[in-house]
Amino acid sequence: DINMVATLADDGKTAILKIVNPVDDNKSVTISIPDAMKFEKPTLTLVAPDSLHQRNTMDNPKSILPKEGKIRINKHTLNFEMPPYSCGVIRIGLN
């Protein structure tokens, strides 16, 4: 159910993962990074409305805002949760 695309930033020093959870359940995601790859602590930015009907309006322009997500790191494995109907961006600095 999870859709993901990985790219490398123009500077060649940042991996960018774009993730979408298009369903109405929380999804646990695990990403394995090759052991030979050295990386900095990744960041996760999430946009997660409470429902498909939630939206920003003129009366409530901050109804849906990006927020920082939590990533659990175990050696070269990243684990995190994707809320229902959410999208996220993980940035990983590469050494």
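A short tour of the structure in this document, coming up.

Definitions and limits used
Residues numbered from 1 in each chain as written. Predicted model: local features only at pLDDT ≥ 70, side-chain atom pairs only at ≥ 80, totals over all residues. Heavy atoms only, no water. Helix = DSSP H or I, 4+ residues; strand = E, 2+ residues; numbered from the N terminus. Contact = heavy atoms within 4.5 Å. Areas by Shrake-Rupley, 256 points an atom, 1.4 Å probe, with all protein chains shown as cover. Lys, Arg positive; Asp, Glu negative; His and termini not counted. Charge placed at Lys NZ, Arg CZ, Asp CG, Glu CD. Core = buried A, V, L, I, M, F, W, Y, C linked by side-chain atoms within 4.5 Å. Buried < 20%, exposed > 50% of the residue type's maximum accessible area, 1.4 Å probe, protein only. Pairing = 2+ DSSP bridges. Axes fitted to C-alpha atoms, helices over the stretch in contact; angles between N-to-C directions.

### So, the overall build of the chain
Phase 1: From N to C terminus, the chain includes zero helices and eight strands.
Phase 2: In sequence order, the secondary structure elements of the chain are arranged as β-β-β-β-β-β-β-β.
Phase 3: For the chain, the share of sequence-separated contacts (at least 6 apart) that also reach a separation of at least 24 residues comes to 69%.
Phase 4: Carbon and sulfur atoms provide 51% of the accessible area of the chain, an area that totals close to 6600 Å².
Phase 5: For the chain, the centre of its 12 positive side-chain charges and the centre of its 11 negative side-chain charges are spaced 5 Å apart.

### Describing the side chain of Asn79
Phase 1: Within the secondary structure layout, Asn79 lies in strand S7 (residues 77-82).
Phase 2: When near neighbours in sequence (up to four residues on either side) are disregarded, Asn79 contacts Val29, Thr30, Lys70, Ile71 and Arg72.

### Concerning the nonpolar core
Phase 1: By size, the foremost hydrophobic cluster in this structure holds 15 residues, and its most contacted members are Ile31, Leu78, Phe80, Ile90 and Ile92.
Phase 2: Looking at this core, the elements with two or more residues in it are strand S2 (14-21), strand S3 (27-32), strand S4 (43-47), S7 and strand S8 (86-93).
Phase 3: Leave out the neighbours within four places in its chain, and Ile31 touches Met4, Leu17, His76, Thr77, Leu78, Phe80 and Ile90.

### Digging into the sheet that holds S7
Phase 1: Ordered by their spatial adjacency, three strands build an open sheet running S3-S7-S6, and the pairing between neighbours is antiparallel. Among the strands making up the open sheet, the edge pair consists of S3 and strand S6 (72-74). Between one strand axis and the next, the sheet turns through 20° on average, direction left out of account.
Phase 2: With three bridges joining them, S6 and S7 adopt antiparallel strand pairing. Bridged to Ile73 within S7 is Leu78.

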